[in-house]
Amino acid sequence: MTNETITFHPLPKKAMTDQQFKLEISKFSIKQREERLRFAFEQNQMKLRFKASQLKDREAFINALKGGAPC
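The rules behind each value
- Residues numbered from 1 in each chain as written.
- Predicted model: local features only at pLDDT ≥ 70, side-chain atom pairs only at ≥ 80, totals over all residues.
- Heavy atoms only, no water.
- Helix = DSSP H or I, 4+ residues; strand = E, 2+ residues; numbered from the N terminus.
- Buried < 20%, exposed > 50% of the residue type's maximum accessible area, 1.4 Å probe, protein only.
- Patch = residues over 30% accessible without salt bridge, like charges linked within 9 Å, V, L, I, M, F, W, Y side chains within 5 Å.
- Areas by Shrake-Rupley, 256 points an atom, 1.4 Å probe, with all protein chains shown as cover.
- Salt bridge = Lys/Arg side-chain N within 4 Å of Asp/Glu carboxyl O.

Draft legend 1. Seen up close, the overall build of the chain. Per the secondary structure count, the chain includes 1 helix and 0 strands. Expressed as a percentage of the 71 residues in the chain, the buried residues total 0%.

Draft legend 2. A look at a nonpolar patch on the surface. A cluster of nonpolar side chains, contributed by Met16, Phe21 and Ile25, occupies part of the molecular surface with about 310 Å² of accessible area. By the secondary structure assignment, Phe21 is in helix H1 (residues 18-66). Classification of Phe21 by relative accessible area gives partly exposed; the value is 47%.

Draft legend 3. Seen up close, the pattern of salt bridges. All chains considered together, the criterion is met by 1 salt bridge. Here Lys27 makes a salt bridge to Glu24, at a shortest N to O gap of 3.8 Å. Taken as a pair, Lys27 and Glu24 lie in helix H1 at a separation of 3 residues, close to a single helical turn.

Shown next as structure tokens:
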């Protein structure tokens, strides 16, 4: 066995009231929701950029088939 010291973090001097606890839980859930929405927004933006590039490629291909401007 090694001689490692175990440090304990002191407990808060005063326990949270129910109201404080509910407030902390609310803050946490709001933060989680914001992170999920931000992630979903970024994913949606990437998807839209991909779809736009697909449309441009498709239009260029169709124009090439019609004998329009070269790709």
